[in-house]
Each structure stands twice: as structure tokens, then as C-alpha cells.
Amino acid sequence: MYSKGFVPLAIATVVTLATAMGLVFFYAPLDADQGFVQKIFYVHVPMAIVSLCGFVAGGVMAIKHLRSGDSSWDMRSYVAIHISIILGVGVLATGAIWAKASWGHWWVWDEPVLVSFLVVVLLYCVYYPLRFSIEDRERQARYSSVFAIAAGAFVPLNFAAVRMAEAYTHPRVLSQTGGSMPGEMRLTFLISLLAMALLFVTLWKLELTSKHASMQLKRLKRKLAEREVVTT
Amino acid sequence: MIAAAGAILRKDLRLELRTKESVPAMTLFTLTVYVLFHFGLDRDSLDGELAAGVLWVTLLLAAVIGVSRLFAAEREQGGIDALLLAPVDRTSLFLAKGAALFLFLVAVEVVAVPAFGLLLLGPGLGGALPELLLILALGDIGIAAVGALVAALAAETRARELIAPLLLLPLLVPVLIACAQATEPFLRPDQGPEDLGRWLTLLTLYDVVFVLLSVAVFDYLLED
Amino acid sequence: MVAPGIPEVEAAAGEDLGAGSLEQAPHLLAVVDHEPEVAFPIRRLRATLCQHQELVSHVDERHSAQAPAKLEVEQAAVEGERLVEVVYLQHHVIYADEARHRTSIGFAAMDPAIELQGLERRYGERVALAGVTVSVPRGATLAVLGANGAGKTTLLRVLAGLLRPHAGTARVLDAELPRERWKVPAQVGYLGHEPLLYRELSGRENLQYHARLHGVDGSRVADLLAAVGMERRADEPLRELSRGMAQRLAAARAVLHDPPLLLLDEPRAHLDPAAAELLEPLIGRASGRTRVLVSHDVDGALAEANLALGLRAGRQVFAGAVEAEAARELYR
């Protein structure tokens, strides 16, 4: 069900990833101040963007789940959130590396994206205990969807609030040239963004397929067990 | 629907008046936290950003207590079944619980804010009262809406005392930011509103989003 | 009274019922016959001709305790040239003992109060209910029997609309579960293990609160407090009352909104005989409501039931007529 078109997608992902890496290493200009480390930007920012979109997409899929009652939407929402959390942790990690390399500290509060992600990841980490402390499967799915919707609506509000709070105090340290990027950077950035997005979708489909298969297996096992009880 | 919400709210208020469980505990908690901050920060008086931060963090932590207790009466006494068996819209339930939490917060703040002025605040509170009240009101609406939602989400999970605070506090970060930033100018020696408008706008946006969202989504909770 | 909400018509054999009665409710009739020991369960009488102004019928039934009964129409009177056909009659009401039915009450010819077909409810991977199939006519009493953990309470909660069925079909009072689950609670009176009353509030306050929730007039609270014998202590907080008094108040709560269906989980627990008798007109057979009764008292439950349903580990073992001995097998 989920594996339609998977192979071309996977191939596209690998190709784009390779292209992106090539561009990052050989094509994009070297930053005068920060040196080679600045190239982490091409991982950090696309990861952030894709992760955010993933959280919001998870919320939208949760809405679809509640309205249709179809549990496959819940599974899609869960996997989207799951991968986005991993990417979110990646954002924090790459942000920390970048901060250390260019600013000397492992953490900076002046970077609104990083700070927002800290809050968002802390919030979404509660998704797992919430989900798995509810035993009934349908209720589990429903409550998870409610959380996904609330958290998905929260993410943009949080970003706005954090950015507004930091706007006064410090200029952004990890940002780029104030908005406009030179051509080589822009191209590299866009390709990296595309690669990250494709990677997300590929992983999403991969995990969905594997979960779906294991669920089918469980269902068949259960049916078999029931039949044995009835006949004996 | 409003009638049913009113009935539930009246019942919750009556229960609280009789048992006096949530509000006194929340109030006492804020006073204790003020003392902790005094010792922790080693300061006799605060002003400006620090004051605003301490005040609002304390109120948020008190809200966590209120949220954990929001469905306690149902769980411990009446049984949540009684609510579920009544032909009552889940939206009415949300309005009632949200309103109850709002009123509890207001009751706590009636003591906690003057106490803050007494114990920890350097400059006086007096001059900016109407603006402060507005910030408190908008902040409380946001806390109440999200609090009721989180209380319902956590109500029937096994680890509810753990999950409720962990869910609530990150979700309230925008409220904390907006309220602390909005309050800060009024707690400085040289008082004066700065950019109050943008913070109030953020707060209002947050309140609208979460009230509407909770109303829409509450139907899917507390059943089955 | 046949059952709440059902129009009632009296007729003797061969009597003309008159045009007016059919107009109100063209496909339902309750026929009350004063012959003792005979009851007339009717699933549906449907007149197929357009001008069916007068319907005269007298349905007689001979039934056995063991086999499902099929109704035989003895006389369908024809008035003039109008031909009235009784279209389909089939009912599986099974009485364990003819002699029990002293009061002759005809069950209305309308859809049964509860109709379950292969009902299933899981709890995680475990089966809580499976294969539950039964049809309960309006006004009848269904006894649900089984050992602890067999799924009796789960079944009650599904019928109350509190839990949704995972598989199978279920119709409760014209509401199809799970789709129309929201229609059920308003028509159901649930008396479970917990009294579902707030311990810090008084009996009166509790009932008033429930009255407001259900949109019931406040005067009914006073009436019910009197009916359960709790007027004197109605203003004391519940935590100061005994468990039996709480149970009485819980019964008052359950019937406050005059529900046509009662779901009773050990209703007489904690009650002394005097109190049980007080509650009888409210929640007993005399109330005329459709009842589903869960009880460990096999003989007592069977004595007041029309149907019985047995559960073992969630699965239905029998439904219908049952001898007490067969029912006790469930507990071994």
C-alpha cells in the first residue's frame, strides 16, 4: 500500500543527496569569517525547515484521522512526527556544533531557530509517553492525534513568540548574509533543501511500509490464534 | 449547551468552595516559590525583566497544579462516567472546565500578585494596574484553554501526573514570553508601556487559536 | 403501561380498534390482553393495503420453554373489502417459564430495544466481548450472567454508549452504534458499581446537578428523593451517608430523566430488603422499562428476567431461555 513508487523515489533521493553533497563541498563559497564549519548551514537549515513542515504535516494528517476515523492516517501522522523529532534533534546537534565552532559556546540563546527547536523538541518528546501510556489502540490513536494537532498549531506560534523575544536583544549570529544569498549559495541551499525533503519522504514511506507489514503479520497471527481456540 | 456548561461550572465551583483543595494549594505554592526565588537568586528585590520572569514562571507552575486537579473530582468522586453519560456536548465540558480553571487562576492571582509586590518587587505595582490586569486576563485565558485541553488529554493516561506538566509547560512558552515581555516595562523603576500592543496581539492570537482548537478537538477526548 | 413511550391500545378478541389508533402510529400497536399467563410478543404488524383503517387482530401464541417460538396468527379479521395482511412476524422471545408471566403485557410491535449481532469489543489484544448476539424487546428484562471478568460490565458499558463496539452490529433504542452513539446516553439509566455521585455534595445537590444536565425539571428531584425514602437526609453530603443510601440516591439519579432503558449492575448490592422494595417501582420489572440486569444471584436474576445471556471470558455461551442449572455452569 505504501510502497508504490518507492524505488524511483529512493533513487531520486540518493541522486539529490549526492548532488547536494558535491555542491556543498566543491561549489559553495567558503565563508570568510567562519570558514569550513559554516557549511553546516546547508544541513542545519534544511533540516529545520523539513522538520517543521513535518510537524505541521503530522498535525494535518491527525486532523484527517479524526475526521475520517481511518487509522492509517494516524500511522502516517505518527511516522511523520517520529521522523521530524529525529530531525529536530539533528537541528539541535548541528546548531550546537556550529555555535561551538563559530562562537565558542555549545549553546547560544540568541539564535531564535535553535531556541524554538529546543522548546518544540521538548514538547514533542512527550508524544511517546502520552501515546504509549494509553492501552486501548483506538483511544491511543485519537489522543495522539489531538496532541499532534495542538502541537502542530503551537509550532508556528512558538516561532513567532521566540523570534519576537529575541529581536530586541541580539542580532542573529548563525544567520546568513541578512537574507539575500549569493547565487552559488542559493543554488546549493535549494538543492540541499530538496535533498532533505526527499530524504524525509523516503524515510517516511520506508517506515510506514515496514510498520504496515508488521501490523498485518500481527493481525494474521491473532486470527490464527482465535481460530485455534474455536476449533479446539 | 451554555446551560449545561453553566451547570458543570457551578458544580465545580461549589465543590471547590466546599473542599478548598485547588485554590489554596495553588496560592500557597506561589508564596513558597517566591521564597525559593529569594534564596535561589539571593536577592531582596527584583525589578524589570527579572521581576516579570519570576512572577510569570511562578504563576505558570501554579497553573500546573491546577491543571492536574482539574478532573480530580470526576476521577475520585463522581466518576467521569457521570459526565459521559449525560447528554452534554463535549464543548460544554471544555467551556466549563476552562472557565473553572480561569476563575481559579484569578482567585490565586488576587493573592499572589500583591504578595509578589510585597515580597519581591522593588518598584511599586500601583501605577500600571489596568494594563497589568489586561495582561493577566489574556494570559489566564490562554493558560485556561490549554490547561483544560492538557487536563483532558492526560486525564485517562496511566502516568497522568507526569504527562500533564510536561505537556503543559512547553505549550505555554509563548504565553510566558508574551506576558513576561509585556509586564516587564511596568515593573521597572521608570515605568512605561513599551510595545504593549505587539505582545497583546500575540497573546490574543494564541488565545484565539487555542480556544478554537480545543473546542474543535474536545469531542474526540474523554470517550470510549 | 407497556413500556415508556409506546402508545397503548386495548382490545379483546375480535374487537374493532377503530380508525384513530392506527393513524397515530401506523406500524406499532401494543395489544394488552387480560388473559393471564399468556403474552403476545409481536415483532411487527404491517398492513400492506393503502386503506388500512381498521385492523383487528388477536394474536395467540403457544410457546415452549426450550425452542424459539414462532407466532401464529389465529385470526386476522377482515372488515369489508379491506384486506389486511400480517406481513412478517417472527420473534425469538423465549420465556423460560410460562407461569411467571402473571401480568399480561404485550410488547409493542416495533423494533426491539436492543439488537446485537456478533458484537465484539477488544481491550488491546485481548478479547473483552465476542460473538454477542441477542434481541431484547421493549419492556423486557435481560439477565446477563457470568463469572467475574467475563465481560458483563463491558457489555453494559457498550450498551450505555460509553464504549464503542469494535465489530458486529448493535442497535440500542433506534440508535445504531457506533455511528449514533451520542443518541444513547440520554435514553439510558445506568446504575453501576459506583454511584456516580459527588461525595462532597448532598443528595439533593447531586440530583439537581444531574437534572440540569439532562434538562429535567427541578421538581422531579423532590419527587424522586421522596420515592427512594431519602427526603430527610437529602441535604447531608454524600460522604456522611451509608453505602445503601448512596445506592438509593444512585438509583434516583439513574431514573431522573425517565429513560426507557435501564442498565443495572448489581442494583441490589448494599441494599436491605426494605430499600430494595422501595426501588422496585423505579428500577424493577414494575417500572415497565427495558432492563439489562447484571447479577451474580443466578436464581434471583432469572426469576425476574425474560431473557438471559451468558458470558464466559467475553464469549457468549447462550442467549435466550435457560434453566438455572445451565446458568450455574458458567461459574464453574
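Residues numbered from 1 in each chain as written. Chains lettered and ligands numbered in written order. Predicted model: local features only at pLDDT ≥ 70, side-chain atom pairs only at ≥ 80, totals over all residues.

A. Up close: the overall build of chain C. Summing up its helical and strand segments, chain C has eight helices and 14 strands in all. Here chain C holds 332 residues, and 46% of them are scored as buried. Long-range pairs, those at least 24 residues apart, make up 70% of the contacts in chain C with a sequence separation of at least 6. (Helix = DSSP H or I, 4+ residues; strand = E, 2+ residues; numbered from the N terminus. Buried ≥ 20, exposed ≤ 12 C-beta atoms within 10 Å, placed from the backbone. Contact = placed C-beta atoms within 7 Å.)

B. Here's a closer look at the interface of chain B and chain A. With 24 residues of chain B at the interface, the matching set in chain A holds 27 residues. Where the side of chain B that touches chain A is concerned, the elements lending two or more residues are helix 7 (129-155), helix 8 (160-171), helix 9 (173-183) and helix 10 (196-217) of chain B. With six residues, helix 10 of chain B is the single largest residue contributor to the side of chain B that touches chain A. Counted by class, the side of chain B that touches chain A contains 19 nonpolar, two polar and three charged residues. (Nonpolar A, V, L, I, M, F, W, Y, C, P; charged D, E, K, R; others polar.)

C. Quick look at the nonpolar core. The biggest cluster of nonpolar side chains holds 224 residues, and the ones touching the most others in it are V150(B), L153(B) and L142(C). With 15 residues, helix 7 of chain B is the single largest residue contributor to this core. Setting aside its immediate chain neighbours within four residues, L142(C) contacts V134(C), V136(C), V292(C), L293(C), A305(C), L307(C) and L309(C). (Core = buried A, V, L, I, M, F, W, Y, C linked by C-beta atoms within 7 Å.)

D. Structural view of unusual backbone geometry. The peptide bond linking L177(C) to P178(C) adopts the cis configuration, its omega dihedral lying at 0°. One can find P178(C) in the loop between strand 9 (175-177) and strand 10 (188-191). Even without a glycine there, the phi angle at K20(B) is positive, about 50°. Tracing the backbone shows K20(B) in the loop between helix 1 (2-19) and helix 2 (22-41). One non-glycine residue, L173(C), lies in positive phi territory at about 50°. Within the element layout of this structure, L173(C) appears in the loop between strand 8 (167-172) and strand 9.

E. The packing of helix 3 (residues 203-214) of chain C against helix 5 (residues 243-255) of chain C, seen in detail. All names here are of chain C. Where helix 3 contacts helix 5, the axes come no closer than 10 Å and their chain directions differ by 20°. Looking at the two axes, helix 3 sits roughly parallel to helix 5. As helix 3 packs across helix 5, the resulting crossing turns out to be right-handed. Residues G203, N206, L207 and H210 of helix 3 form the contact with helix 5, whose own contacting residues are L249, A252 and R253. Residues belonging to the contact of helix 3 with helix 5 are distributed by class as follows: three nonpolar, three polar and one charged. (Axes fitted to C-alpha atoms, helices over the stretch in contact; angles between N-to-C directions. Parallel < 35°, antiparallel > 145°, perpendicular 65-115°, else oblique. Left-handed = near helix turned anticlockwise from the far one by under 90°.)

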